[in-house]
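Residue-level listing of the chains:
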Amino acid sequence: MLYRIADLITEIPATGGFSSRCEEYLYDGKNGADVIIRADLYRREKHHPQANEAAIAYIESAYQFYYELINHNGLFLHASAVAYEGRGYLFSGPCGTGKSTHTRLWQQLFGEEAKVFNDDKPALRCMDGQWYAYGTPWCGKDGININMKVPLSGICFLKQGAENRIHRLDASEAAERIIWQTIHRFKTREDLDRMLVYVDKLVHAIPVYEFENRPEPEAARLSYETMRRGAEEAGL
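Per chain, residues are indexed from 1 in the order of the written sequence. Local features in a predicted model are, by the rule used here, given only for residues with pLDDT of at least 70; side-chain atom pairs are given and counted only at 80 or more, and totals for whole chains, interfaces and linings are based on all residues. Values reported for side chains reflect all heavy atoms of the structure, with hydrogen atoms and water molecules removed beforehand.

Colleague: So what's going on with the overall build of the chain? Which residues, and what values?
Modeller: A run of DSSP states H or I qualifies as a helix once it reaches four residues; a run of E qualifies as a strand once it reaches two. Both are numbered from the N-terminal end. Within the chain one finds six helices and 12 strands. As a reference, a globule follows 2.2 Å times the number of residues to the power 0.38, and the radius of gyration itself is taken over C-alpha atoms. Relative to its length of 236 residues, the chain is compact, with a C-alpha radius of gyration of 17 Å against a globular reference of 18 Å. Along the first, second and third principal axes, the C-alpha atoms of the chain reach 50 × 35 × 35 Å. Taking all 236 residues of the chain together, 49% fall into the buried category. Considering only residue pairs separated by 6 or more positions, the chain has 69% of its internal contacts joining residues 24 or more positions apart. Using a 1.4 Å probe, the Shrake-Rupley method yields the accessible areas, and only the shown protein chains count as cover for residues. Surface accessibility of the chain: about 11500 Å² in total, with carbon and sulfur atoms responsible for 47%. Each residue is placed in one exposure class: buried if its accessible area under a 1.4 Å probe, protein chains only, is under 20% of its type's maximum, exposed if it is over 50%, and partly exposed if it falls in between. Residue contacts are defined here by distance: any two heavy atoms, one from each residue, within 4.5 Å place the two residues in contact.

Put into structure tokens, the structure is as follows:
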């Protein structure tokens, strides 16, 4: 089956329950595939013996897609992504830092205008000098995703804390955080170098923050106001 994911025509083998996550991305045009996901390259030996085919397809197709993404001016970030007022904001960090909780607080604060368009692995691409964030079918256990493209305007790395404190990271700090939340192990030095080039472009174009926060609406308002101001100052 052909799908349009992150503006890339992607061929994905049909596999049980995972296929339902891809329905919103179905492509019926005449262009050939930019990315081909190959089921024969799924690394089944890396999965639990009782893992079903849909689960394996979900993980392995994501692995192949995001490796291919570096050949198309992009990378993925382990993050929860929210769109508001025409801008995309990403909240990243290790598991358990409250990414999904924080974007839900945005929805509570701003209502239906705040849309969580991916809750695990949004795709990022630099197109004509501008960075965009995309919803993808690889979206975490809750399946939260929307097939949409939004200008990327800020990235925030979350930490749980006793109070709400946010500050902007310099380029080197931002790059280090991003590298640890994307694919950073490659088979070739060429692929690694390409990924590092995109990370460098990203941190010099998009404001990146660290936010020590509590799970409360005031935290969502502070992150919004800070990231909106940073985006406006950067001309995003």
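Following the structure, the description resumes.
Colleague: Explain the packing of helix 4 (residues 171–180) against helix 5 (residues 189–205) to me, using residue names and the numbers behind them.
Modeller: For helices, the fitted axis covers only the stretch in contact; all axes are lines through C-alpha atoms, and the angles between them, taken along N-to-C directions, range from 0 to 180 degrees. Two elements in contact, helix 4 and helix 5, have axes whose closest approach is 9 Å; the angle formed by their N-to-C orientations is 130 degrees. The angle between helix 4 and helix 5 falls in the class oblique. In this structure, the crossing between helix 4 and helix 5 has a hand that is right-handed. Taking contact as the criterion, the partners of Ala171, Ala174, Ala175, Ile178 and Ile179 in helix 4 are, on helix 5, Leu196, Val199, Leu202, Val203 and His204. Under the grouping applied here, Gly and all other residues not named as nonpolar or charged are polar, the nonpolar ones being Ala, Val, Leu, Ile, Met, Phe, Trp, Tyr, Cys and Pro and the charged ones Asp, Glu, Lys and Arg. Of the residues contributing to the contact of helix 4 with helix 5, the split by class is nine nonpolar, one polar and no charged. Angular relationships are summarised with four words: roughly parallel below 35 degrees, roughly antiparallel beyond 145, roughly perpendicular across 65 to 115, and oblique for the angles in between. Two helices cross in a left-handed way if the nearer one is turned anticlockwise from the farther one by less than a right angle. They cross in a right-handed way if the turn is clockwise.

Colleague: Can you lay out the side chain of Ser61 for me, pointing to particular residues and giving the numbers?
Modeller: The residue Ser61 is located in helix 2 (residues 53–69) in this model. In protein, a polar contact requires one atom able to donate a hydrogen and another able to accept it; more generally it is a pair of N or O atoms within 3.5 Å, and residues adjacent in sequence count only if both atoms are side-chain atoms. A polar side-chain atom of Ser61 sits 2.9 Å from a polar atom in the side chain of Trp138.

Colleague: For the pattern of salt bridges, give the residues involved together with the corresponding values.
Modeller: What makes a salt bridge here is a side-chain nitrogen of Lys or Arg within 4 Å of a carboxyl oxygen of Asp or Glu, nothing more. For the coordinates displayed, the defined rule picks out 12 salt bridges. Two residues, Asp7 and Arg4, come together in a salt bridge whose shortest N-O distance is 3.4 Å. Take Asp7: its relative accessible area is 27%, and that puts it in the partly exposed class. Given a relative accessible area of 37%, Arg4 falls into the partly exposed group. Note that Asp40 is salt-bridged to Arg38, the shortest N-O span being 2.6 Å. Asp40 gets classed as exposed once you look at its relative accessible area, which sits at 56%.

Colleague: Quick rundown of helix 4? Include the residues and the values.
Modeller: Those residues of helix 4 lying buried are Ala174, Ala175 and Ile178. For helix 4, the arc enclosing every buried residue in end-on projection is 100 degrees, short of the 170-degree limit, so these residues lie on one face. Exposed residues pointing more than 90 degrees away from the buried face of helix 4 are listed as Ser172 and Trp180. On its buried face, helix 4 sits against strand 4 (74–76), strand 10 (149–160), helix 5 and strand 12 (208–213). Read the arc as the range of directions from the helix axis to the C-beta atoms.

Colleague: I'd like a description of the packing of helix 3 (residues 99–110) against helix 6 (residues 217–233), backed by residues and values.
Modeller: Where helix 3 contacts helix 6, the two axes come as close as 9 Å, and the packing angle between them is 90 degrees. By the angle class used here, helix 3 and helix 6 are roughly perpendicular. Contacts between helix 3 and helix 6 pair His102, Leu105, Trp106, Leu109 and Phe110 from the former with Pro217, Ala219, Ala220, Arg221, Ser223 and Tyr224 from the latter. Taken together, the residues that form the contact of helix 3 with helix 6 break down as eight nonpolar, two polar and one charged.

Colleague: Can you tell me about the pairing of strand 2 (residues 8–11), naming the residues and giving the values?
Modeller: By the convention used here, strands pair only if DSSP detects at least 2 bridges between them. As paired strands, strand 1 (residues 2–5) and strand 2 are joined by four bridges and run antiparallel to one another. The partner of Arg4 across the bridge, within strand 2, is Ile9. Looking at chain direction, strand 2 and strand 3 (residues 35–36) are connected through two bridges and run parallel. Counted as the bridge partner of Glu11 is Ile36 from strand 3.

Colleague: So what about the environment of Arg43? Which residues, and what values?
Modeller: If you trace the backbone, Arg43 turns up in the loop between strand 3 and helix 2. With relative accessibility at 21%, the residue Arg43 sits in the partly exposed group. Through-space distance from the C-alpha of Arg43 to that of Ile56 is 8.3 Å; in sequence the pair is 13 residues apart. Among residues more than four places away in sequence, those in contact with Arg43 are Glu60 and Tyr63.

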